[in-house]
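Fold and geometry: a report
Residue strings, one per chain:
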Amino acid sequence: MAFDKLNDLFSMLADQTPTPVQELLSANLRRLRIARHLSLSELARATGMSKATLSGVESGRSNPTIDTLAGLADALRVPLSELLEELPLGEVRVVRASQSRLESRDGVSRRGLDTLADGAVEVAELAWEARRLEEPEPRPAGSRAHVYVLQGILIAGPIERVTELGAGDYATFPIDVPHVYETRRSAARALVVTHVG
């Protein structure tokens, strides 16, 4: 990232009104913290900053200094630019339960989610116990997962862009990159359709 561009970004952060850069910083900090499995308290210990300071940055209510941003980037093991720019990641599409229609015919309920392209397709019902983290090996280029959560809460997606999904939520994301399936306090069950590229 060019020095002038960094200066422009820091100037926007110093302004008192919320900016798109502050919103992006807030979203990126939360995404990266969750991807690293860190609570705000743990990140505060790792950076030597107060939890209140980090909460302000993550909620978009504060104007961090360059030292604060450098400390965050160091603790999260990412370049400073990753906190301030939108990364060109593969498409992540989420369909919430409220955004799709449930159809019943002949005693069978069906919820249309997505149309799969030609290619190898694997369909499986997967169940995870509470407090589990699964990090499957990346699949061949172009591979995607289609995940429909049947029960519980599941955190899923590319490591740097996970999404929390509840029962009835659907997400599709690339799996030709490092990705995870994770549960917290309760078990989860999902229908997973894997389209191998």
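Quantities reported herein were computed from a predicted structural model and do not represent experimental measurements. (Residues numbered from 1 in each chain as written. Predicted model: local features only at pLDDT ≥ 70, side-chain atom pairs only at ≥ 80, totals over all residues. Heavy atoms only, no water.)

1. Remarks on the packing of aromatic side chains
Summed over the entire model, instances satisfying the criterion amount to two aromatic pairs. Ring geometry for Trp128 versus Tyr181: centroids 5.4 Å apart, planes at 20°, classification stacked. One end of the pair, Trp128, is in strand β4 (residues 120-128); the other, Tyr181, is in strand β10 (residues 179-182), with 53 residues separating them in the sequence. Just as Trp128 is buried, Tyr181 falls in that class too. Ring plane angle 50° and centroid distance 6.2 Å describe the contact between Phe173 and Tyr181, whose orientation is recorded as tilted. (Phe/Tyr/Trp six-rings, centres within 6.5 Å; stacked < 30°, edge-to-face > 60°. Helix = DSSP H or I, 4+ residues; strand = E, 2+ residues; numbered from the N terminus. Buried < 20%, exposed > 50% of the residue type's maximum accessible area, 1.4 Å probe, protein only.)

2. Structural notes on a nonpolar patch on the surface
On the surface, Val121, Val123, Leu150 and Leu191 cluster together into a nonpolar patch covering about 300 Å² of accessible area. Judged by its relative accessible area of 33%, Leu150 falls in the partly exposed class. (Patch = residues over 30% accessible without salt bridge, like charges linked within 9 Å, V, L, I, M, F, W, Y side chains within 5 Å. Areas by Shrake-Rupley, 256 points an atom, 1.4 Å probe, with all protein chains shown as cover. Salt bridge = Lys/Arg side-chain N within 4 Å of Asp/Glu carboxyl O.)

3. So, the sheet that holds β10
Pairing is antiparallel in the open sheet, where four strands are placed in the order β5-β10-β7-β8. Looking at which strands have only one partner, the edges of the open sheet turn out to be β5 (133-134) and β8 (163-165). Pairing of β5 with β10 involves two bridges; the strand directions are antiparallel. Across the sheet, the residue bridging to Leu133 is Glu182, located in β10. (Pairing = 2+ DSSP bridges.)

4. A look at the nonpolar core
Ranked by internal contacts, the top residues of the largest apolar core, which has 18 residues, are Leu43, Leu54, Leu72, Leu76 and Leu83. Looking at this core, the elements that each hand over two or more residues are α2 (20-35), α3 (40-47), α4 (51-58), α5 (66-76) and α6 (80-84). Of the residues forming this core, the biggest block, five residues, is contributed by α5. The residues contacting Leu72, other than those within four sequence positions of it, are Leu29, Leu43, Thr47, Met49, Leu54, Val57 and Leu83. (Core = buried A, V, L, I, M, F, W, Y, C linked by side-chain atoms within 4.5 Å. Contact = heavy atoms within 4.5 Å.)

5. What about the environment of Ser186?
Examined against the element boundaries, Ser186 turns out to sit in the loop between β10 and β11 (188-196). Residues Ser186 and Ile153, 33 residues apart in the sequence, show an inter-C-alpha distance of 7.3 Å. When neighbours within four sequence positions are excluded, Ser186 is seen to be in contact with Ala130 and Ile153.

6. Focus: α3
Looking only at α3, the buried set comprises Leu40, Leu43, Ala44 and Thr47. Burial along α3 is one-sided: seen end-on, the buried residues are contained in an arc of 105°. Exposed positions of α3 whose direction lies more than 90 degrees from the buried face are Arg45 and Ala46. Along its buried surface, α3 packs onto α2, α4 and α5. One or two residues past the end of α3 sits Gly48, with phi positive at roughly 75°. (Arc of directions from axis to C-beta.)

7. Let's talk about the environment of Asp169
Among the structural elements, Asp169 can be located in the loop between β8 and β9 (170-174). With a relative accessible area of 10%, Asp169 lands in the buried category. Distance in space between the C-alpha atoms of Asp169 and Ile153 is 9.4 Å, their sequence separation being 16 residues.

8. Observations concerning the pattern of salt bridges
Summed over all chains, the structure comprises seven salt bridges. The residue Glu125 makes a salt bridge to Arg189 at a minimum N-O spacing of 2.5 Å. Of the two residues, Glu125 is situated in strand β4 and Arg189 in strand β11; the sequence distance between them amounts to 64 residues. You can call Arg189 partly exposed: its relative accessible area is 29%. For Glu129, the salt bridge is made with Arg132, and the minimal N-O distance between the two is 2.7 Å. Residue classification places Arg132 among the partly exposed residues on the basis of a relative accessible area of 43%. Connected via shared salt-bridge partners are Arg30, Arg33 and Glu58.

Bear in mind that shape data such as this cannot, by itself, settle questions of function.
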